[in-house]
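Next come the chains, spelled out residue by residue.
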Amino acid sequence: MKLHWQRVELPLKDPFTIARGTLYHQQCLIVSLTHGNVTGYGEVTCNSYYGHTYESLEASLNQVRELIADGDLIHPGELYDRCSEVIAHDRFALSAIDGAAYDLFGKIHGMRTTEVLGLPVINQTQSSYTLGIDSIEEMVRKYREQPGWPVYKIKLGTPQDLEIVQALRQETDATIRVDANCGWTPEQTIANSRVLAELGVEFIEQPLPADAPAEAHRRVFLESVLPVIADESCRTEADVEKCHGLFHGINVKLCKCGGLTPASRMLKQARELGMKTMVGCMIESTVGISAAAQLLPLLDYADFDGATLLAADSARGVTIRNGKVEFSSISGSGIELLI
């Protein structure tokens, strides 16, 4: 197999703000694995919060390039194990290789990635659409440009958080979820949960910093009126057990955990523990979204809108139309590169 990659800068339709900062463009690597005349694709985004740059990701990919070239086509789970022995420190890079491996393996064998993962092919979960932090007027405008989604996720972490949700609730009766991106204290979370519950909010995602004491997370878990879903607190397989009893569910992101192989194990473990399951995304192209969507059979909630936020995409594959997940007729993850 041959491993290649290219740097891509994805333009956004609008600046996207969360509690930690604002994005105008998203930097990513599109990774390809080729066997014969068939190519599979994966994606990983650069991320300053987790310390991943073009240079660091490419250094990790170079460490496994010969290992991959020396091997033949094997199941993606086996390739993941081999690569993780070398670059266990870089789950972002692993996730791109893993995504490309599933896309390639499925294309060669005429199977959808969901089937390669041993999951039933079902498409029942609907995706949310995310509204980044902005003025209330701008957030309402952005909502009005994307009406008709069944679920909206609202980024919070401002002095006007409750006013934002109140204004958006006046615009729609759709399900609303909120994500504070580590921006609240326990006291704020508990107080806000009461008001948000009255506004029909479904759950709160990661209200406290990931490094907040376990006692703080447990207090919120016990006293919040709304369920609390872990994101930054649940990055690896070992974190699932740690989140049990502190959160009502987990949000798994492929780049943070290392790809589809560990993500599927995390979601199964969470379900065994009686926790809710969700897969989210970064702002990324259809390459990354098409991989994440293969986990739908394991999910209670999905957040696959990353490519919808782009001014221009880099691929065709899984499409999200007003929350409905539409799969490609192509095998694997269904990815066709446009660049």
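Please refer to the structure higher up on the page.
None of these values were measured; they are calculated from a predicted model. (Residues numbered from 1 in each chain as written. Predicted model: local features only at pLDDT ≥ 70, side-chain atom pairs only at ≥ 80, totals over all residues. Heavy atoms only, no water.)

J.: Can you tell me about the packing of helix α1 (residues 54-70) against helix α3 (residues 91-109), naming the residues and giving the values?
T.: To characterise two packed helices, one gives the angle between the axes of the helices and the distance between these axes. Contact geometry of α1 with α3 gives a least axis separation of 9 Å together with a crossing angle of 50°. Taken together, the axes of α1 and α3 lie oblique to each other. By crossing handedness, the relation of α1 to α3 is classed as right-handed. Listed contacts from α3 to Leu57, Ser60, Leu61, Val64 and Ile68 of α1 are Phe92, Ala93 and Ile97. (Axes fitted to C-alpha atoms, helices over the stretch in contact; angles between N-to-C directions. Helix = DSSP H or I, 4+ residues; strand = E, 2+ residues; numbered from the N terminus. Parallel < 35°, antiparallel > 145°, perpendicular 65-115°, else oblique. Left-handed = near helix turned anticlockwise from the far one by under 90°. Contact = heavy atoms within 4.5 Å.)

J.: Can you tell me about the pairing of strand β9 (residues 249-252), naming the residues and giving the values?
T.: Alternating positions in β9 separate into two faces, Gly249 and Asn251 on one and Ile250 and Val252 on the other, with burial throughout. Relative to β9, strand β8 (residues 228-230) runs parallel, the two sharing two bridges. Across the sheet, Ile229 pairs through a bridge with Gly249, a residue of β9. Between β8 and its parallel partner β9, the chain crosses via helix α9 (residues 237-243), and the hand of that crossover is right-handed. For β9 and strand β10 (residues 276-279), the ladder comprises four bridges, and the chain directions are parallel. Paired with Ile250 across the strands is Thr277, a residue of β10. (Buried < 20%, exposed > 50% of the residue type's maximum accessible area, 1.4 Å probe, protein only. Pairing = 2+ DSSP bridges. Right-handed = clockwise from strand over helix to strand, strands pointing away.)

J.: Tell me about the sheet that holds strand β1 (residues 2-18), residues and numbers included.
T.: The strand order across the open sheet built from three strands is β1-β2-β3, with neighbouring strands paired in antiparallel fashion. In this open sheet, the two edge strands, each paired with only one partner strand, are β1 and β3 (38-45). Strand-to-strand, the axes of this sheet are offset by a mean angle of 25°, without reference to chain direction. Note: β1 against strand β2 (residues 21-35), 13 bridges, orientation antiparallel. Following the sheet pairing, Ile18 is matched in β2 by Gly21. Strands in contact with α1 are β1, β2 and β3; relative to β1, the strand with the most contacts, it is inclined by about 155°.

J.: Can you break down the pattern of salt bridges residue by residue, with the values?
T.: Opposite charge on two side chains lets them pair, provided their charged atoms get close. Taken as a whole, this structure holds 23 salt bridges when the rule is applied. The closest approach of N and O atoms between Arg141 and Asp14, which form a salt bridge, is 3.4 Å. Within this pair, whereas Arg141 is found in helix α5 (residues 136-145), its partner Asp14 is found in strand β1, the two being separated by 127 residues in sequence. Classification of Asp14 as partly exposed rests on a relative accessible area of 25%. Ionic pairing is found between Asp231 and Lys253, a salt bridge with its closest N-O pair at 3.1 Å. With a gap of 22 residues between them, Asp231 in the loop between β8 and α9 and Lys253 in the loop between β9 and α10 (254-257) connect regions that are remote in the sequence. Comparing Asp231 with Lys253, the two get one shared label, buried. Sharing partners across several salt bridges, the network here consists of Lys153, Lys155, Asp179, Glu205 and Asp303. (Salt bridge = Lys/Arg side-chain N within 4 Å of Asp/Glu carboxyl O.)

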